[in-house]
Amino acid sequence: MNSTLVVFYSYSGTCRRAAQLLASHCGWPLAEIRDARPRAGFMGDLRCVLDSMLRRRPAIRYEGAAPADFDAVVIVSPIWAYQMAGPMRTFLAENAGRLRRLAQVTVMNAAGASNAVGEATRLLQRAPVLTAEFLTREIQDGSGTTRLLAFGEALASASGTQAPPHRALTEADISQPITH
Ligand SMILES: Cc1cc2nc3c(=O)[nH]c(=O)nc-3n(C[C@H](O)[C@H](O)[C@H](O)COP(=O)(O)O)c2cc1C
């Protein structure tokens, strides 16, 4: 088995975009974590903050491929109130025993990625094999794309899978609109 799955959670579209870029560049399948109880507006934001402050594990819906079927899983998620977004906490807690090798991508405005890596390490009882953090701006304006794709290639090399062929980024990669 030599395969990698990209699993993302996104509230406002940035992590979705990062995960789509990574998965399409590396030819990896993509799976989304959704809130069982959707969030929106002020109350949605408040729930995000409370989930972080109280380290809650909000109910999620996950209909992607089984993580246990993959050699490696890359998680992509935002930071809320200096912590890993609650739905990704739930996913990791529910799948800790099924994740062979975990790589972690964090997207944030300014700070909190190290806490998210620390939490993933505690939940899995081992450190992710590779981590990378990006600012929201780097994903949105494309300035982080090269580094994101290099992350994918490094993981592919470390996994013993063939690194994806280099291809020139198209305008569509850079300016793909963020969907909410
Ligand atoms: C409720 C809330 C709390 C946030 N807290 C932080 C934070 O503590 N540190 C930070 O750098 N960014 C914080 N952010 C910004 C998000 O991490 C950032 O916008 C990220 O790109 C969002 O990803 P998404 O669009 O995939 O949901 C917060 C965003 C929200 C909605």
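Residues numbered from 1 in each chain as written. Predicted model: local features only at pLDDT ≥ 70, side-chain atom pairs only at ≥ 80, totals over all residues.

Draft legend 1. Quick peek at the overall build of the protein chain. Of the regular secondary structure elements, the protein chain holds seven helices and seven strands. Mapped from its N terminus to its C terminus, the protein chain presents α and β elements in the order β-α-β-α-β-β-β-α-β-α-β-α-α-α. Burial status across the protein chain gives 39% buried among its 180 residues. Across the protein chain, the fraction of contacts at a sequence separation of at least 24, relative to all contacts at a separation of at least 6, is 79%. (Helix = DSSP H or I, 4+ residues; strand = E, 2+ residues; numbered from the N terminus. Buried ≥ 20, exposed ≤ 12 C-beta atoms within 10 Å, placed from the backbone. Contact = placed C-beta atoms within 7 Å.)

Draft legend 2. The pairing of strand β6 (residues 101-108), seen in detail. Summarising burial for β6: six of the eight residues are buried, a large majority. Where strand β4 (residues 72-80) lies against β6, seven bridges are found, and the strand directions are parallel. When the bridges of β6 are listed, Ile 75 appears paired with Gln 104. Where the polypeptide runs from β6 across helix α4 (residues 113-124) and back to strand β7 (residues 130-135), its parallel neighbour, the crossover connection is right-handed. (Pairing = 2+ DSSP bridges. Right-handed = clockwise from strand over helix to strand, strands pointing away.)

Draft legend 3. The arrangement of the site of the ligand in detail. Around the ligand there are 22 residues in total, and Ser 10, Thr 14, Cys 15, Pro 78 and Met 108 lie nearest to it. Put simply, the parts of the chain that give the shell around the ligand at least two residues each are α1 (14-26), α2 (41-53), β4 and β6. Partitioned by chemical class, the residues of the shell around the ligand number 13 nonpolar, seven polar and two charged. (Near = placed C-beta within 6 Å. Nonpolar A, V, L, I, M, F, W, Y, C, P; charged D, E, K, R; others polar.)

Draft legend 4. Layout of the pairing of strand β1 (residues 4-8). Across the five residues of β1, five count as buried, placing the element largely inside the fold. Residues Thr 4, Val 6 and Phe 8 of β1 are buried on one face, and the alternating residues Leu 5 and Val 7, pointing to the opposite face, are buried as well. Here β1 runs beside β4; their pairing, made up of five bridges, is parallel. Bridge pairing links Val 7 to Ile 75 in β4. Considered for its hand, the β-α-β crossover made up of β1, α1 and strand β2 (residues 30-35) is right-handed.

Draft legend 5. The arrangement of α2 in detail. Across its 13 residues, α2 extends 19 Å between first and last C-alpha, which sits within 8% of the 18 Å expected from 1.5 Å per residue. When we look at burial in α2, the residues that qualify are Cys 48, Asp 51 and Ser 52. Seen from one end, α2 has its buried residues packed into an arc of 100°, which puts them on one side. With respect to the buried face of α2, the exposed residues turned more than 90 degrees away are Phe 42, Met 43, Leu 46 and Met 53. Packed against the buried residues of α2 are β4, β5 (83-84) and α3 (86-95). Just downstream of α2, Arg 55 is the residue with a positive phi angle, here 50°. (Expected span 1.5 Å × (residues − 1). Arc of directions from axis to C-beta.)

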